[in-house]
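Here are the chains, one letter per residue:
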Amino acid sequence: MYRRHVKLVCDWCSFVAIHPIQMDVDHIDNDHHNNSPSNLRSLCPPCHRLRTLAEMTLAMLHRTYPAS
């Protein structure tokens, strides 16, 4: 359902996709049940991975992310 909100431009790096399949939908508040348009943004896969990595790193620093 939330895929209809995907745009063809990355909200972080301004990468322009040729097709929507090249883009990811990111939940800004990390609540995957909150599909409100105000909670969704389009990110290219590299930016989406960087965001996830940064959040995991910060969480581990604050010891809130479970160790593998």
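Residues numbered from 1 in each chain as written. Predicted model: local features only at pLDDT ≥ 70, side-chain atom pairs only at ≥ 80, totals over all residues. Heavy atoms only, no water.

J.: For this particular structure, what's the right way to read a nonpolar patch on the surface?
T.: A cluster of nonpolar residues, Leu8, Val9 and Val16, forms a patch on the protein surface that exposes about 230 Å² of accessible area. With respect to the secondary-structure elements, Leu8 resides in the segment before β1 (24–27). Relative accessible area serves as the criterion here: at 36%, Leu8 is assigned to the partly exposed category. (Patch = residues over 30% accessible without salt bridge, like charges linked within 9 Å, V, L, I, M, F, W, Y side chains within 5 Å. Areas by Shrake-Rupley, 256 points an atom, 1.4 Å probe, with all protein chains shown as cover. Salt bridge = Lys/Arg side-chain N within 4 Å of Asp/Glu carboxyl O. Helix = DSSP H or I, 4+ residues; strand = E, 2+ residues; numbered from the N terminus. Buried < 20%, exposed > 50% of the residue type's maximum accessible area, 1.4 Å probe, protein only.)

J.: Can you help me understand the pattern of salt bridges in this one?
T.: Opposite charge on two side chains makes pairing possible when the charged atoms of those side chains draw close. This structure, assessed with the given rule, holds four salt bridges. We note a salt bridge from Lys7 to Asp11, for which the minimum N-O separation is 2.7 Å. Owing to a relative accessible area of 42%, Lys7 belongs among the partly exposed residues under this scheme. Asp11 gets classed as partly exposed once you look at its relative accessible area, which sits at 35%. The partner of Arg51 in a salt bridge is Asp26, and the shortest N-O contact between them spans 3.1 Å.

Spatial relationships are all this shows, so hold off on functional conclusions.
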